[in-house]
Amino acid sequence: MLDILVWSFRFFVVFIVLQVDEMRARLATQDHSHCPQIMEELHMSIGGQSESEQKVYRLTPEGFTKNKERLQYLRTIKRKEIADYIHEAKEAGDISESSAYEDAKNEQAMVEGEIIKLERLLASAEVMTAMDHDVVRVGMQVDLVTATGANRTFKIVETFEADPKTGHISDESPVGKALMGHKVGDTIEVSTPGGVAAYTIRSLRSIL
């Protein structure tokens, strides 16, 4: 069953990549007057949405740079490393029983999928700029104090930039969602597995 799922995923990724390549080839050979229609077809083929329906991803400058560097690494280094390994494995002989070869093919499919995801993200990204706000929003650092007097600091970002270990929480997380729209001095309550937690906002500042 696992093998079927792996091969199905690999086939899906290859199918998407071929669609993208075909659309790009058509774009290169078509008259420029057709570019808007072709580009919309490209967006539809990889995302299921027309250009007018594409989600705009709000990224911090740091997040935009991080994702751009990740895409560059996957395209120029990781993709080649995997391709070279697969080529060497084929040259070495029988690969039908090689688990390392299968792992490499699976990794290749995952990398191609991540490349497509990052290309879509960056193509639809809007880099946020610093603005003065007196309420919590995406792109703000929020300093809080708990009911027991402990200090906590959170940076509010969109889901794909969230990293709780570094204090970056999503605006869709329980705490992030509860904080949105509140100002200094407000107290919010959040339901947690251990019960209801109360936080009071001490200060706000932009992280952009």
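How each quantity is defined
- For every chain, the first residue of the written sequence is number 1, and numbering continues from 1 onward in sequence order.
- Local features are withheld for residues below a pLDDT of 70 in this predicted model, meaning they are given only at 70 or higher, and side-chain atom pairs are given and counted only at 80 or more; totals for whole chains, interfaces and linings count all residues.
- Note that water and hydrogens are dropped before the side-chain values are worked out from all heavy atoms of the structure.
- Secondary structure follows DSSP: runs of H or I at least 4 residues long count as helices, runs of E at least 2 residues long count as strands, and numbering of each begins at the N terminus.
- Here the term buried applies to any residue with accessible area under 20% of the maximum for its type, exposed to any over 50%, and partly exposed to those in between, with areas from a 1.4 Å probe on protein chains only.
- Residue contacts follow a heavy-atom distance rule, with two residues in contact if any of their heavy atoms lie within 4.5 Å.
- Note on areas: Shrake-Rupley, 1.4 Å probe, and residue coverage restricted to the protein chains presented here.
- The pairing criterion for strands is at least two bridges between them, as found by DSSP.
- Every axis in this analysis is a line fitted to C-alpha atoms, fitted for helices over the stretch in contact. Angles between the N-to-C directions lie between 0 and 180 degrees.
- In plain words, nonpolar cores are sets of buried Ala, Val, Leu, Ile, Met, Phe, Trp, Tyr and Cys residues tied together by side-chain atoms within 4.5 Å.
- Only the six-membered ring of Trp is used, alongside the rings of Phe and Tyr, when aromatic pairs are assigned; centres must lie within 6.5 Å, and planes under 30 degrees apart are stacked while those over 60 apart are edge-to-face, with the rest tilted.
- Under this scheme an angle from 65 to 115 degrees is roughly perpendicular, one under 35 degrees roughly parallel, and one over 145 degrees roughly antiparallel; angles in between are oblique.
- In this scheme the crossing of two helices becomes right-handed for a clockwise turn of the near helix relative to the far one and left-handed for an anticlockwise turn of less than a right angle.
- Gly is placed with the polar residues, together with every amino acid not listed as nonpolar (Ala, Val, Leu, Ile, Met, Phe, Trp, Tyr, Cys and Pro) or charged (Asp, Glu, Lys and Arg).
- On a range of 0 to 100, pLDDT expresses the predictor's confidence in each residue.

S.K.: So what's going on with the overall build of the chain? Which residues, and what values?
M.R.: Each helix and strand in the chain was counted, giving five helices and seven strands. When each of the 208 residues of the chain is scored for burial, the buried share is 32%. Considering only contacts within the chain whose residues lie at least 6 apart along the sequence, 54% involve residues at least 24 apart. When the accessible area of the chain is evaluated, it comes to approximately 13100 Å², of which 55% is carbon and sulfur surface.

S.K.: Quick one: what's the story with the sheet that holds strand E3 (residues 140-146), residue by residue and with numbers?
M.R.: The strand order E5-E4-E3-E7-E6 describes an open sheet built from five strands, whose pairing is mixed. Looking at strand neighbours, the two that pair on one side only are strand E5 (168-170) and strand E6 (187-192), the edges of this open sheet. Neighbour-to-neighbour, the strand axes of the sheet open up by a mean angle of 45°, direction not taken into account. Where E6 lies against strand E7 (residues 195-206), six bridges are found, and the strand directions are antiparallel. For Ser 191, the partnering residue across the bridge sits in E7 and is Val 196.

S.K.: Give a description of the environment of Lys 155 that names residues and reports values.
M.R.: Note on placement: Lys 155 falls in strand E4 (residues 151-157). Its relative accessible area of 27% is what places Lys 155 among the partly exposed residues. Each C-alpha atom, one on Lys 155 and one on Gly 139, is 7.0 Å from the other, the two residues being 16 residues apart in sequence.

S.K.: Which residues make up the nonpolar core, and what values go with them?
M.R.: Val 142 and Leu 179 are the most contacted members of the largest nonpolar core, which has 17 residues in total. Taken together, the elements giving at least two residues each to this core come down to E3, E4, helix H5 (174-179), E6 and E7. Considering each element in turn, this core owes the most residues, four residues, to E7. What Val 142 contacts, discounting residues up to four positions off in sequence, is Val 136, Arg 152, Thr 153, Phe 154, Ile 156, Leu 179, Ile 201, Ser 203 and Leu 204. Core analysis: the next-biggest nonpolar cluster, separate from the first, contains 13 residues, Leu 59, Leu 71, Ile 82 and Leu 118 among them.

S.K.: Give a description of the pairing of E3 that names residues and reports values.
M.R.: When you tally the buried positions in E3, you get six out of seven residues, the bulk of the element. By the bridge criterion, five bridges tie E3 to E4 in an arrangement that is antiparallel. Paired with Leu 144 across the bridge in E4 is Arg 152. The antiparallel hairpin formed by E3 and E4 contains four residues in its connecting segment, where Gly 149 sits at a positive phi of about 95°.

S.K.: Could you give me a rundown of the packing of aromatic side chains, with the residues and numbers involved?
M.R.: A complete count under the given rule lists one aromatic pair for this structure. Residues Phe 154 and Tyr 199 carry aromatic rings whose centres are separated by 6.5 Å and whose planes lie at 80° to one another, so their mutual orientation is edge-to-face. One end of the pair, Phe 154, is in strand E4; the other, Tyr 199, is in strand E7, with 45 residues separating them in the sequence. On the basis of relative accessible area, Phe 154 is assigned to the buried category, the value being 8%. On the accessibility criterion, Tyr 199 (9% relative accessible area) is buried.

S.K.: Let's hear about the packing of helix H3 (residues 61-92) against helix H4 (residues 99-123): which residues, and what values?
M.R.: Relative orientation of the contacting elements H3 and H4 amounts to 155°, with a least axis distance of 9 Å. Taken together, H3 and H4 sit at an angle that is classed as roughly antiparallel. By crossing handedness, the relation of H3 to H4 is classed as left-handed. For the contact of H3 with H4, the per-class residue count stands at 15 nonpolar, two polar and eleven charged.

S.K.: Please give an account of the confidence of the model for the chain that cites residues and values.
M.R.: Within the chain, residue pLDDT values average 78, and 72% of them lie at 70 or more. Low pLDDT, under 50, characterises residues 1-7; the stretch is placed with two contacts to residues that sit more than four places away or in other chains. A low-confidence stretch, residues 27-52 stays under pLDDT 50, and its non-local contacts, those more than four residues away or across chains, total 27 contacts.

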